[in-house]
Amino acid sequence: MASTPLPSATTTTTTLSAELAASLHPQLVHLTSLASASPAHESDHEARLNKLEVGKHATKLRTTLATLKAQVGHLPSGNLSLEDQEWLIEKLEKELEGRTRDVAHLATLIPGAGEQDKMETD
């Protein structure tokens, strides 16, 4: 399996790398197949090489996970404090109230809209 170069852990972590995230599953599948492919008839040398290969791919997977974790931590609103969460909830509630008022006002402008509401509730 030819491996494609992925962004390293030293690349900027201010954005989430979709390419790196998409590489997780293939990396895990490859590591699983390597780890489970140790036939009993392997020589000591082959077993050592397989163990080194498993270790190399496990390290690559750990690095990928650590890089993605750092990228997620740097996403906007990725780590809101309770105060920030309360502020955001208040803003969203005000926005919802405003939209509800707008819809109610629009309903009064549509001829017959009030009559249809009465018919639906009966």
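Residues numbered from 1 in each chain as written. Predicted model: local features only at pLDDT ≥ 70, side-chain atom pairs only at ≥ 80, totals over all residues. Heavy atoms only, no water.

What to know about the overall build of the protein
Move 1: Scanning the protein for helices and strands turns up five helices and zero strands.
Move 2: Reading the protein from its N terminus to its C terminus gives the helix and strand order α-α-α-α-α.
Move 3: In the protein, the share of contacts with a sequence separation of at least 24, taken over all contacts with a separation of at least 6, comes to 65%.
Move 4: Carbon and sulfur atoms make up 61% of the accessible area of the protein, which totals about 9900 Å². (Helix = DSSP H or I, 4+ residues; strand = E, 2+ residues; numbered from the N terminus. Contact = heavy atoms within 4.5 Å. Areas by Shrake-Rupley, 256 points an atom, 1.4 Å probe, with all protein chains shown as cover.)

Some words on the confidence of the model for the protein
Move 1: Mean pLDDT over the protein works out to 79, with 75% of the residues at or above the 70 mark.
Move 2: Put simply, helix H5 (residues 113–121) is where the protein has its lowest mean pLDDT, 57, and helix H1 (residues 18–22) is where it has its highest, 90. (pLDDT = per-residue confidence, 0-100.)

Describing helix H2 (residues 24–36)
Move 1: Between the first and last C-alpha of H2 there are 18 Å, a value that for 13 residues agrees with the 18 Å anticipated at 1.5 Å per step.
Move 2: Listing the buried residues of H2 in full gives Gln27, His30, Leu31 and Leu34. Each buried residue of H2 lies within a common arc of 100 degrees when the element is viewed along its axis, so the set occupies one face. In H2, the exposed positions angled more than 90 degrees off the buried face are occupied by His25 and Ser36.
Move 3: Against helix H3 (44–73) lie the buried residues of H2. (Expected span 1.5 Å × (residues − 1). Buried < 20%, exposed > 50% of the residue type's maximum accessible area, 1.4 Å probe, protein only. Arc of directions from axis to C-beta.)

A word on the packing of H2 against H3
Move 1: For the pair H2 and H3, interaxial distance at closest approach is 9 Å and the crossing angle is 155 degrees. Judged by the angle between their axes, H2 and H3 are roughly antiparallel. As for the relative orientation of H2 and H3, their crossing is left-handed in sense. Only Asn50, Glu53, Val54, His57, Ala58, Lys60, Leu61, Thr64, Leu65 and Leu68 of H3 make contact with H2, whose side of the interface consists of Leu24, Gln27, Leu28, His30, Leu31, Leu34 and Ala35.
Move 2: Partitioned by chemical class, the residues of the contact of H2 with H3 number 10 nonpolar, five polar and two charged. (Axes fitted to C-alpha atoms, helices over the stretch in contact; angles between N-to-C directions. Parallel < 35°, antiparallel > 145°, perpendicular 65-115°, else oblique. Left-handed = near helix turned anticlockwise from the far one by under 90°. Nonpolar A, V, L, I, M, F, W, Y, C, P; charged D, E, K, R; others polar.)

Looking at the environment of Leu80
Move 1: Examined against the element boundaries, Leu80 turns out to sit in the loop between H3 and helix H4 (82–109).
Move 2: Not counting residues within four places of it along the chain, the set of residues in contact with Leu80 comprises Gln85 and Leu88.

Some words on a nonpolar patch on the surface
Move 1: A cluster of nonpolar side chains, namely Trp87, Leu88 and Leu92, defines an oily patch on the protein surface of about 320 Å² accessible area.
Move 2: In this fold, Trp87 is placed in helix H4. (Patch = residues over 30% accessible without salt bridge, like charges linked within 9 Å, V, L, I, M, F, W, Y side chains within 5 Å. Salt bridge = Lys/Arg side-chain N within 4 Å of Asp/Glu carboxyl O.)

Observations concerning the pattern of salt bridges
Where charged atoms of side chains with opposite charge meet at close range, the side chains can pair.
Move 1: In the structure shown here, the tally under the stated rule is two salt bridges.
Move 2: For the salt bridge of Lys56 with Glu53, the shortest nitrogen-to-oxygen distance reads 3.6 Å. Taken together, the positions of Lys56 and Glu53, both in helix H3 and three residues apart, correspond to about one turn of that helix.
Move 3: For Glu53, a relative accessible area of 27% gives the class partly exposed.
Move 4: A salt bridge links Arg99 to Glu95; its shortest N-O distance comes to 2.7 Å.

Regarding a negative patch on the surface
Move 1: Negative charge collects at one region of the surface, where Glu83, Asp84, Glu86, Glu90, Glu93 and Glu97 lie side by side.
Move 2: Positionally, Glu93 belongs in helix H4. (Lys, Arg positive; Asp, Glu negative; His and termini not counted. Charge placed at Lys NZ, Arg CZ, Asp CG, Glu CD.)

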